[in-house]
Structures are given as structure tokens and as C-alpha cells.
Amino acid sequence: QEAFFEALLRLGDSTLILGHRVSEWCGHAPALEEDIALANVALDLIGQTQLWLGLAAEVEGQGRTADDLAYLRDAWDFRNLLLVERPNGDFGHTLMRQFLFDAWHHELLKGLSASSDPRVAEIAAKAAKEVAYHLERSSDLVVRLGDGTEESHRRTQEALDALWPYTGEMFIGDDKDAQVAARGIFPDQASLRPAWDETLRHVLGEATLQIPDSPFAHKGGRQGTHTEHLGYILAEMQFLQRAYPGASW
Amino acid sequence: QEAFFEALLRLGDSTLILGHRVSEWCGHAPALEEDIALANVALDLIGQTQLWLGLAAEVEGQGRTADDLAYLRDAWDFRNLLLVERPNGDFGHTLMRQFLFDAWHHELLKGLSASSDPRVAEIAAKAAKEVAYHLERSSDLVVRLGDGTEESHRRTQEALDALWPYTGEMFIGDDKDAQVAARGIFPDQASLRPAWDETLRHVLGEATLQIPDSPFAHKGGRQGTHTEHLGYILAEMQFLQRAYPGASW
Amino acid sequence: MTPEELAFQERIDRGEKIEPKEWMPEGYRKTLIRQIGQHAHSEIVGQLPEGNWITRAPTLERKAILLAKVQDEAGHGLYLYSAAETLGVSRDELMELLHAGKMKYSSIFNYPTLTWADMGAVGWLVDGAAIMNQVPLQRTSYGPYSRAMIRICKEESFHQRQGYAIMMKMAQGTPAQKRMAQDALNRLWYPSLMMFGPSDKDSVHSAQSMAWKIKMNTNDELRQKFVDQTVPQAEYLGLTVPDPDLKWNEEKGGYDFSEPDWSEFYDVLAGNGPCNKDRLGARVKAWEDGAWFRDALVVHAEKAAARRAQAAE
Amino acid sequence: MTPEELAFQERIDRGEKIEPKEWMPEGYRKTLIRQIGQHAHSEIVGQLPEGNWITRAPTLERKAILLAKVQDEAGHGLYLYSAAETLGVSRDELMELLHAGKMKYSSIFNYPTLTWADMGAVGWLVDGAAIMNQVPLQRTSYGPYSRAMIRICKEESFHQRQGYAIMMKMAQGTPAQKRMAQDALNRLWYPSLMMFGPSDKDSVHSAQSMAWKIKMNTNDELRQKFVDQTVPQAEYLGLTVPDPDLKWNEEKGGYDFSEPDWSEFYDVLAGNGPCNKDRLGARVKAWEDGAWFRDALVVHAEKAAARRAQAAE
């Protein structure tokens, strides 16, 4: 049960924090279409967060709600991937982060759609449709930027190089992952890699970008050891709930 | 009494928020000497904040402490000048903000050193020495940047133009100011202007910078209506006190 | 009036819609471009004050609703720029005029959003005032503009209800929340009244625009209607409209109320609002920082077209 | 050894200080430049992990103390760059080597500071380890370095006491604070042990440096001393050192303890620590963003000098 709770936090916290980062662009994107698309992605991710953290709260059975989990935990109790807390950087950096995440997220949700837990399978099936669209869009833009101007190529490659060490964590399971995998609730983390690799080969190839060959991976996010960025995100995100405890909004 | 409390918040909140902004540079200044000098200015400002807010808490007599005032009020209860919550911008922008503030702060503290309230006079006498040095330093650097390269001149002039509308507020009193002025506790706000103008004419003249002639002044900070920036400052600054209420640090 | 102009005016008087390729007086076109462009700009600049609270929304549900709202605003901008494009001006041209300070956006967005209650008050008052302006424009004479307005009004009234729902939560909440709600009303009441523009006696261009059915009501009519609708809503919330002279006038069947401070209105229009520089600065920065991105899409499209052409040879 | 080298070594053996203008072997000069430069870089990069909590310090008092500490670190950087300059290398040259990744700084600063307890643990453990390294260096053979160390050690031991005081507050605080304190110790224990460098058997350059009194003790000696000093302090705090194999060895009069994971050490050294890219990136950005500022000071000084010269004519 604890491993199940943990697995749900790992997913729900990742969609929450990425949704937060993406929403920081609101009104500042390079084109109106992008403002709309990013708001839409953020909206989907926050919607998924409500479902995953809602289920996590239910599984925990301590009477907490999705909002309690989102707003009343400090950084060390967050279980999101380090990748999603990285700062936005330029728009190409944001898109590359999105693509690397989407490609993983999509595989994960496909796996979760066949979860042995029907509640998980149901949420995943709904989310998979949204994320298929996220992936389609981020892939398309990565191709266009990679194979665009010299500058856009350079920026996109730099983003890929900078973010690469934060991707390995997506595929490294620990014993909690092993427990939920053994029960067929979550797919095995490592099992997602071949399809992800294949997506990257295909998309980044078309984008004329070079996949870094370093195997080095930052890790710790899924166990609660984050980068220095998460604390700032939470200070901002949680301010109202912290400053006005118990109020209803 | 309420006007006295208010006047102390107006001063203590201004030193607190400017201290916060200046401290954001820590480790990121353009030269090691500047890192040291900025940390020193921030340190003086936070030290003064402890004294002013400490006295404010004493005057209020509700059992609150300086820390309670700093960490447990939301933006609308802050009384700092809008000038000090403006983002840092480039280093020239930060320095110009500092100079415009120091020139006022120094005059204010000279006035306060002769306050009818001995507690105020004592704090002010101590702070005036520190601020005399702040002003000397910021004046010197404004001159060197204004009369430096074309680029430094342009950046410094732009900073002056951008910050100018936030200076008028320093000299506009309301009826609370009038009450403490009438009792000789604080100098009259408007009375500080001639000496400030003179400092600016002198320093900015030497810096070959053009003093803007617009009389327009943003206001509201001293009455609690701030810019959108203050909320973010406080979310960060107050996080620990908000997230771990009642803890002793 | 020339015979053409006369015929044009007769079509409008009959209630016909003018469509993009049809003849229209140059003044009609120009006035429409200015009006639709400003409206479009208002939608995109209007993302900023509400965007300011997305990362700080107090619950996941509120965050999602606010995101959806801001997304709708960007969508409205898109419809409106498209409507303006049918008059022969491109979105990029309009944006450049905005960035150069040669076209305006609604001054209301030069006020800051300072507490979460502002997310309620903006929906309730600002969208409320916008709808009051826009509902009649669904019947405007220019077809594409009229159709854009029909879509927009539907969404705006949804936003207004959401805003009022936030106010309700706040007004029924803790003392701090009530204080936030009252504070938001205090700050946004007069700026909302200003949204209808200066008093009719000081308003330029109005008569011609009304003849052309580009403007359907006078500023003062709409302002009165807004006050009459909003005051009971404020009372229902238990909030006090910050106007000591507000009172019901049985004879006219509406409220008497204080005029906003029009010197503040002209000051903000002249660039001296609390946020003018920050708002326009944010938009210009977004545009400039994004230049490489837009360029890349163009170049990629050219490359792709060239490849397709080559493949077809 | 040449006669000059022999005489030099004899002076060192007699405990004399070498001063800047005196003859010294090229290797001595180079080793010192590397060591002092790295130490200086460590001070300025070391501002960043603690700077990360200044804006979030939980009380005004703690904020002031932390500001003063970070200011001291910048001051230490200044002393040390000055000491290096006496060896014929400028501060700007050293900074460029740092920015190009050709000189290192202490790897400990590539770990993040994640909670307020880290401000305690950094002072207690990191400054504690630094002092352990630096106290003997007060007796180093190179005069300017020795004098810089004397000033620095005085301030560092003050910092260490402040850090321990923070840990004490946390360890005696709420359950969450205790958890923070233990968590900080868990994360920083092994990285602190790594601060003494690899085990003597894997350490290069050591013998020559010790002969020259640039290095006064072996890495393992200092590490043992650090563990022996720190473990009782941890016990006094009621915290558990994250080493199941830690135990007192009566015979050697010190603790037996687990070696840190040296593969992690070399990984971090190679650039793969949690914060390497962020730390160096922050410093490079500060340097590049500040170029116009430094240029302006130079140009102003030239202008002022020219004006003075002209006035003197």
C-alpha cells in the first residue's frame, strides 16, 4: 500500500510540478498559438494531478485530499522527477523538456492503462489521450526547431544536452517501484526505455539533433532529494494555503 | 500611537524589502568587491529592520515581535516604498535604486536623529552612520558608471528613467505622517525633498546623467497598495515561518 | 455622402451584415481596425494580470479554472486578430503597433492584481463590464466582428460567473478572505466604471460609430446599466461599493453614482498607470525573446516546401 | 637538487617563511598557485549554496548572521586571490581558469542546500572540515598564504560555532526540525569526509607538497581527526551519523568508519555532481553579465586620470 501511494505521488507530483513550470509561460510565449497550447498542456497536467493525487490520498487512507498533498508537503516529501523542476530556460529549452517528458509519459500511461488496479487504468486511459496530443505537438515543434535556422538548431541541441542527464531517472526503479510492478499496478520503470529510445531516435533524427551518449543520470527526485529549484516553486505555489491555513477557496 | 506604529512600519518595511532585494545578488555580483559591499549593505539594512520593527512591535504593544511583523504579515499590511520592491534588473539598475534610496534614507535618518522620541533618535543615529557610507558608495559608483563607457551611461540613464516615477512617493505625506511630524517624532516627508534634490543634482550632474523632468509619482506602498512584485518576495521570504508555524529557529 | 456611401449606410440601417470583400468606406474600415485591434490587444495583455496568480492559485481546482480562463483569453485574441485580418491588416502589423505604443489596450489591465480576491473581482467586474460592452456588439454591422463577438460573449459570461463564484467563496470565508474581497472591490470599482470610456459629452467619434453600428450604445448608457446590475450583486455578497453617494433613484429606475476620477483615467491612458510599463514590457520581451522561434518555424516551412517540391520533380 | 633548491629546502626545514620576492622553485610556485587558487575559488563558489537560503532565512537574526557569513566568504576569497597574486598570477587570470573549467573548487559546493538545516550542517561539517584542513596551513611555508590562513581560520571557527548553534536549535526543535537536522547530516556526512581528498595511497603530489610545507598532514590523518571530533558532537545533538559501521576503536584511540563512495567523488570531480553545472553557470553568468560594469570602471578611471593630468599641466 505504501509503495502504491509512493508510486502515485511520483506520477502526480511530476505532473503537478511540470504543470507549474509550463504555466509560468502564460502570456509570455513567442506566439499566441503557443500561449494557447501551453495553457492547454498545463491544464491537462493539473487535471491529471487532481486525479493522481486524489487517488494517492484515497490509497493512503489518512483523510488527506489531493489539495492537502499538493499544498501542504514540503520539498522533501515531493516525489517528482528532477527533470520537471528544471527552470524553463528559453522556449526551446521548455519544449525540449516537454518532449523528453511526453515521450516517457506517453509510454508510462500506455502501460498504466493495463494496470491491475482499475482506478489507475481508468485515469491512465483518459490521460493517455491528452498526452498523445502533447507528444505529437512537442515532437512536431522539436523537429521544426531542430531543423530550422542555425540558431534554433543550436538552442535546441543545447537544451537537449543540458536536460539529458535528467532523463535517466525516468527509467531507474527502486524497491518501491519493484513492488508495484510485481503487483501489475505500474509497469516496470526500465521497461519503458526501449520505446522511449525509439521515439527519440525517430524525432531527434528528423530534427537533425545529436542524442548525447553520456549515460550519466542525476537522480533522487523520486526518493525526495531534489534540486534547489523545488523549494522556490513550492514557496510560491503554496503561499495562500500556508498563509491562510484552513480557509476554503 | 497608531500613526507612530505606522511610521515605523513604513521605514522598517522599506529597509527589510530593500535588504531582501540587495541580498538576491549574493554571489552573483560583477566583482568580488561588489559582492562584499552588497552583502554589507543588506546586512546593515536587515540590522536596521530588526531595530525599527522591534520598536514598532513595542509601540504597538500587542505582544508581537519584529519577526512576527516581518514574517507573518501579507503584502497589504506591508508599508514599504514601492521603489524598494522593484526587481533588481542589471547591476546598474540595482545601484541606481540604491542611490535614489540612500539619498532619501540619509536625509530621513538625519531628521530622525533629532526625533522627540529618544528610542527613535538612538536607532537613527546608529543607522545614519551606516547609511552615510551606503550613500557615499552608491554615489561614487553612479558617477563612475554614468561617466564611464557609452554602454554604462546608457544603462544607468535607463535605470534612472525607469525608477524615477517611484521616487516621488518618498516625499508625499498623508495624515498619519502629519501626526508623527506634528509630534516631532518623524520629520515632515516633504521637507526631505530639497536636500535630496540637491544630492541628485550634484551626483547625477557629475555622472553626466539627465534628471527626468516628469513629476509623475507612483504611490500606494506606504498605505499598503503595492506592485505585483511584493507578493512573490514575501512568498519566498516567509516560507519557513508559514510552513512550520510556531517553530523556534 | 457619395452614392456608394449612401447605399452602404442604407444596408447598415436595414440591419444587413457587411462582409470582408464588400465595399466599405475607408473610415469604417479604419475605425473597425482600431476597435477590433484594441480589443484583441486587450485580450492578450489581459492574460498577464490573471496569469500573475496561476502559479499561486490556492487549490488545484482553482488553478485549472484560471488556466482555462487565461487560455480562453488568448483564444479570443486569436478570433479578433483574425477578424481584423479580414480588413487587410496582419496580426504582426497590429502587434508591432501595440509594441510601439501606437495602439492601446484596455486600461483596466494597467492595474495590478494584488490578492487572490482579484481573480474573483476581475471575473465579476472586469469581465462583467466587458460583456456589457460586447453583448450589443454581437449585432454590429461587420459580419466577422459580429460572429467573433457571439463566440466570445458566450465564454465571457461563463468567466463572469466563475469570478462571482470566487467572490462568493471569499465573502463567505474567513475574516481575512472577506477583507480581501472588499479590498478587491475597493480597488477595482472605479477602474471598472472607466472601462466604458469617458462620459458621452467628452467622447469623440461616437456619433459616426453609432451610425455605422460599430458602437451600439453610448458610454453613459452602458455604465448605468453596469452599475444597476452590479450593485445588487455586491449587496448579495455583503460587500460595500466604495461610493458614499451611491443611491437608488426611483424616478430614473437606476442608481445615482459618483463618476470615476477622470484625471486618473487620462493619466493611465498616457502611460502612468501602476503597471503600464510592466505590462507592455512583458509583451515586448515575449515578442523579442520569441523572434528566433518564429523565424525558425518560417525557415523550417520553407525547407520542407523545397523538399516536397524536389521530391515531386 | 640544485644548490639553490637545497638552500630553499633547508630554509623551509628550519621553519622560515618564504616571502614573495624571494627565490622559489617553479614547482613550488605552481603548486601554491593551484592550491591557493582552488581555495579562493572555493570561497566564492561557496557563497552560492548558502546564498540560496538568505532570502528564506527564518528570522531576521538568522538572516543577518547568514549574510555576514557569506560576506566573510567573499572576503576570504579576496585575501586568497591577493595571496595568489604575490606569486605572479592575477585574479582575473585565475577567474578565467575557473570559468573555463581548468581550475577546480571544492567539490562539496556541488551539493545542493535543500533545507534550512543545511545552513547548520554546512557551518558545522563543511566549515569544520575546512578548518581541519586550514589550521595546520597557518604554519605553511609561504608567508602570504600563512598570514591569510591565520585571518581566515579565526573567522571560520566562528562560522563553525554558528553552524553548530543552528543544528542545536533544530535538533531541539519540533519533530520536523529534528527530521531536517538528521536529513542534512545524512546528505552531508560523506561529502564532508570527501573534502579531505582521496585516501593517502591514491593521493598524488602529496610527498613533495609535504616536504615544501604546503601540505602539512596527510588526507587520512585529517579525515580521522575530523571524524573523531565530529562524532561526539553529533551524539550531543542526538543525531545519528549515517554509518552503520562507525565504532570507537580503543586501541587506535579513534573511530573506525566507512570510507565515502570514492566513485561518487570522482564523478562529482568530473562534473557530474548535483550542482556542478548550476554553480559554475551562475559564476560565469555573473562574470559575463558584469563585464560592462567592470569595463566602465576602467574607462572612468582612465578618463579621471586624463582629467587630472590635464589639470596639472
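Residues numbered from 1 in each chain as written. Chains lettered and ligands numbered in written order. Predicted model: local features only at pLDDT ≥ 70, side-chain atom pairs only at ≥ 80, totals over all residues. Heavy atoms only, no water.

Re the overall build of chain A
Selection rule: Numbering of helices and strands runs from the N terminus, with a helix taken as a DSSP run of H or I at least four residues long and a strand as a DSSP run of E at least two residues long. We compute the radius of gyration from the C-alpha atoms alone; for a globule the expected value is 2.2 Å times N to the 0.38, where N is the number of residues. Residue contacts are defined here by distance: any two heavy atoms, one from each residue, within 4.5 Å place the two residues in contact. Only the protein chains shown count as covering a residue, and every accessible area follows the Shrake-Rupley method with a 1.4 Å probe.
When helices and strands are counted, chain A shows 10 helices and 0 strands. N-terminal to C-terminal, the α/β element order of chain A is α-α-α-α-α-α-α-α-α-α. What you see for chain A is a C-alpha radius of gyration of 17 Å, in line with the 18 Å of a compact globule of 249 residues. Counting only C-alpha atoms and orienting by the principal axes, one finds that chain A spans roughly 55 × 40 × 30 Å. For chain A, the share of sequence-separated contacts (at least 6 apart) that also reach a separation of at least 24 residues comes to 81%. Counting every atom, chain A has about 8,300 Å² of accessible surface; 52% of that belongs to carbon and sulfur.

What to know about the overall build of chain C
Just so we agree on the cut-off: Exposure classes here rest on a 1.4 Å probe applied to the protein chains alone. A residue is buried below 20% of its type maximum, exposed above 50%, and partly exposed in between. Working convention for charge: Lys and Arg count positive, Asp and Glu count negative, and His plus the chain ends are omitted. Where a charge sits is defined by one atom per residue type, namely NZ (Lys), CZ (Arg), CG (Asp) or CD (Glu).
Helix and strand content of chain C: 13 helices and 2 strands. Viewed in the frame of its principal axes, chain C has a C-alpha envelope of about 75 × 55 × 35 Å. Counting all 313 residues of chain C, 57% fall into the buried class. Working note: accessible area of chain C is about 13,400 Å², and carbon and sulfur atoms make up 55% of it. Charge-centre separation for chain C: the mean point of 38 positive side chains lies 5 Å from the mean point of 43 negative side chains.

A few points about the packing of aromatic side chains
Spelled out, the test is: For this analysis, a ring pair means two rings from Phe, Tyr or Trp (six-membered ring only for Trp) whose centres lie within 6.5 Å, classed as stacked if their planes differ by under 30 degrees, edge-to-face if by over 60, and tilted for the remaining angles.
Scanning the entire structure with this criterion turns up 34 aromatic pairs over all chains. An angle of 90° between the planes, with centres 5.6 Å apart, marks the rings of Tyr28 of chain D and Trp212 of chain D as edge-to-face. Of this pair, Tyr28 of chain D sits in helix H2 (residues 26-45) while Trp212 of chain D sits in the loop between helix H9 (206-211) and helix H10 (219-237), and the two are 184 residues apart along the sequence. Given a relative accessible area of 10%, Trp212 of chain D falls into the buried group. Taken together, Phe8, Trp23, Tyr28, Tyr142 and Trp212 of chain C form an aromatic cluster joined through their ring pairs.

Some remarks on the interface of chain A and chain C
Interface size is commonly expressed as the accessible area that is lost once the parts come together. Inclusion rule: Once two parts are joined, some of their accessible surface, as seen by a 1.4 Å probe, is lost; buried area is that loss totalled over both. Basic side-chain nitrogens of Lys or Arg form a salt bridge, by our definition, when they fall within 4 Å of a carboxyl oxygen of Asp or Glu.
Contacts between the two partners involve 47 residues from chain A and, on the opposite side, 47 residues from chain C. Carbon and sulfur atoms make up 67% of the area that chain A and chain C hide from each other, which totals about 4,100 Å². The three residues of chain A that bury the most area against chain C are Pro30, Leu32 and Trp249 of chain A, which together make up 18% of that side's buried surface. On inspection of chain A and its partner chain C, the count reaches 4 salt bridges. A salt bridge links Asp147 of chain A to Lys303 of chain C; its shortest N-O distance comes to 3.0 Å.

So, the packing of helix H9 (residues 229-237) of chain A against helix H9 (residues 229-237) of chain B
Any two packed helices are characterised by the angle at which their axes cross and by the distance between the axes. To keep things clear, this is the line we draw: Throughout, an axis means a line fitted to C-alpha atoms (over the contacting stretch in the case of helices), and angles, computed between N-to-C directions, take values from 0 to 180 degrees. Reported orientations rely on four angle classes, namely roughly parallel under 35 degrees, roughly antiparallel over 145, roughly perpendicular from 65 to 115, and oblique for the rest. For any helix crossing, the convention is left-handed if the near helix is rotated counterclockwise from the far helix by under a right angle, and right-handed if that rotation is clockwise. Charged means Asp, Glu, Lys or Arg here, nonpolar means Ala, Val, Leu, Ile, Met, Phe, Trp, Tyr, Cys or Pro, and polar covers whatever is left, Gly included.
Between H9 of chain A and H9 of chain B, the shortest axis-to-axis distance is 8 Å and the interhelical angle comes to 120°. Viewed along their axes, H9 of chain A and H9 of chain B adopt a mutual orientation that is oblique. Crossing angle aside, the handedness with which H9 of chain A passes H9 of chain B is right-handed. Contact residues: H9 of chain A offers Tyr232, Ala235 and Glu236 of chain A, while H9 of chain B offers Tyr232, Ala235 and Glu236 of chain B. Grouping the amino acids of the contact of H9 of chain A with H9 of chain B by side-chain chemistry returns 4 nonpolar, no polar and 2 charged.

A look at the pattern of salt bridges
Any two side chains of opposite charge can pair, given that their charged atoms come close. All names here are of chain A. In the structure shown here, the tally under the stated rule is 82 salt bridges over all chains. Among the ionic pairs, Arg73 bridges to Asp13, the shortest N-O distance being 2.6 Å. A residue pair is termed long-range when its members are at least 10 positions apart, and Arg73 in the loop between helix H3 (66-71) and helix H4 (91-112) and Asp13 in helix H1 (residues 2-23) qualify at 60 residues. The residues Arg73 and Asp13 share a single accessibility class, namely buried. Across the pair Glu151 and Arg155 runs a salt bridge, and its minimum N-O distance is 3.0 Å. Note that Glu151 and Arg155 are positioned in helix H6 (residues 150-163) at a spacing of 4 residues, about one turn of the helix. Overall, Glu151 belongs to the partly exposed group, its relative accessible area being 32%. You can call Arg155 partly exposed: its relative accessible area is 21%. Within the structure, one salt-bridge network assembled from shared partners comprises Glu2, Glu6, Arg10, Arg79, Asp174, Lys176, Asp177 and Arg222.

What to know about the interface of chain B and chain D
Quick note on the threshold: Polar contact criterion, stated in full: a pair of N or O atoms within 3.5 Å, where within protein one must be able to donate a hydrogen and the other to accept it, and residues adjacent in sequence count only if both atoms are side-chain atoms.
Every contact between the two is made by 47 residues of chain B and, on the other side, 47 residues of chain D. Where chain B meets chain D, there are 4 salt bridges. Note that Arg91 of chain D is salt-bridged to Glu33 of chain B, the shortest N-O span being 2.4 Å. Where chain B touches chain D, the interface holds 17 residue pairs in polar contact (both at pLDDT 80 or more). Looking at the side of chain B that touches chain D, the elements that each hand over two or more residues are helix H1 (2-23), helix H2 (32-60), helix H3 (66-71), helix H4 (91-112), helix H5 (118-146), helix H6 (150-163), H9 and helix H10 (239-243) of chain B. When residues in the side of chain B that touches chain D are grouped by element, the largest group, 12 residues, is from H2 of chain B. Class assignment for the residues of the side of chain B that touches chain D results in 23 nonpolar, 13 polar and 11 charged.

Some points on the environment of Trp124 of chain C
Residues and elements named next belong to chain C. Locating Trp124 in the fold gives a position in helix H6 (residues 117-137). Using a relative accessible area of 1% as the deciding quantity, one classes Trp124 as buried. Between the C-alpha atoms of Trp124 and Pro175, which are 51 residues apart in sequence, the distance is 21 Å.

Some points on the side chain of Glu73 of chain D
Residues and elements named next belong to chain D. Residue position: Glu73 is located in helix H4 (residues 60-85). With relative accessibility at 4%, the residue Glu73 sits in the buried group. The contact partners of Glu73, leaving out residues within four places of it in the chain, are Glu43, Gly46, Gln47 and Glu50.

Describing unusual backbone geometry
A positive phi is found at Thr208 of chain B, a non-glycine position, where the angle reads about 55°. Along the chain, the position of Thr208 of chain B falls in the loop between helix H8 (193-206) and H9. Classification of Thr208 of chain B as partly exposed rests on a relative accessible area of 42%. Despite not being glycine, Lys213 of chain C has its phi angle at roughly 55°, a positive value. Accessibility expressed as a relative area gives 24% for Lys213 of chain C, which makes it partly exposed.

Some remarks on the state of the cysteines
Any covalent bond linking the sulfur atoms of two cysteines counts as a disulfide. The cut-off we apply is this: Cysteine sulfur atoms are paired as a disulfide whenever they come within 2.5 Å of each other.
Counted under the stated rule, the structure contains 0 disulfides over all chains. Cys275 of chain D supplies the cysteine sulfur nearest to Cys26 of chain B, a cysteine that is in no disulfide, at a spacing of 17 Å. Note on Cys26 of chain B: relative accessible area 8%, which makes it buried.

With respect to H10 of chain D
Residue and element names in this part refer to chain D. Operational definition: What a helix should span is 1.5 Å times the count of its residues minus one.
Taking 1.5 Å per residue, 19 residues should reach 27 Å; H10 reaches 27 Å between its end C-alpha atoms and fits that length. Turning to H10, its buried residues are Asn219, Leu222, Arg223, Gln224, Phe226, Val227, Thr230, Val231, Ala234 and Leu237. The inward-facing, buried residues of H10 contact helix H6 (117-137), helix H7 (143-171), helix H8 (175-194), strand S2 (254-256) and helix H11 (262-272). One or two steps after H10, the chain reaches Gly238, where phi turns positive at roughly 80°.

What to know about the environment of Ala217 of chain B
Residue and element names in this part refer to chain B. Relative to the helices and strands, Ala217 resides in the loop between H8 and H9. Spatially, the C-alpha atoms of Ala217 and Phe171 are 9.9 Å apart, while their sequence positions differ by 46 residues. Not counting chain neighbours up to four residues away, the residues in contact with Ala217 comprise Pro165, Gly168, Glu169 and Ile172.

Thoughts on a negative patch on the surface
Test applied: What makes a patch is a set of residues exposed beyond 30% relative accessible area and free of salt bridges, joined within 9 Å when like-charged and within 5 Å when nonpolar (Val, Leu, Ile, Met, Phe, Trp, Tyr).
On the surface, a cluster of negative charge is made up of Glu85, Asp92, Glu93 and Glu96 of chain C. Top contributing element to the negative patch by residue count: helix H5 (residues 91-99) of chain C, with 3 residues.

Notes on the packing of helix H2 (residues 26-45) of chain C against H5 of chain C
Residues and elements named next belong to chain C. For the pair H2 and H5, interaxial distance at closest approach is 11 Å and the crossing angle is 75°. Here H2 lies roughly perpendicular to H5, going by the angle between them. Packed against H2, whose contacting residues are Ile33, His41, Ile44 and Val45, the element H5 presents Leu94, Met95 and Leu98 at the interface. Classifying every residue of the contact of H2 with H5 gives 6 nonpolar, 1 polar and no charged.

Regarding the side chain of Gln98 of chain A
Locating Gln98 of chain A in the fold gives a position in helix H4. If sequence neighbours within four positions are ignored, Gln98 of chain A has contacts with Leu18, Val22, Val41 and Ser138 of chain A.

Topic: the confidence of the model for chain C
Where we set the bar: Every residue carries a pLDDT, the predictor's confidence in it, which falls somewhere between 0 and 100.
Model confidence for chain C is summarised by a mean pLDDT of 95, while 99% of its residues fall at 70 or above. Prediction confidence for the complex, expressed as pTM and ipTM, is 0.96 and 0.96 respectively.

Points about H8 of chain D
Note the threshold: Throughout, the bend at a residue refers to the angle made by two axes, fitted to the seven residues ending there and to the seven starting there.
In a regular helix each residue adds 1.5 Å, so 20 residues correspond to 28 Å; H8 of chain D covers 30 Å between its end C-alpha atoms and thus fits that length. The principal kink in H8 of chain D, of about 40°, is found at Leu188 of chain D, preceding the proline Pro191 of chain D by one to four residues.

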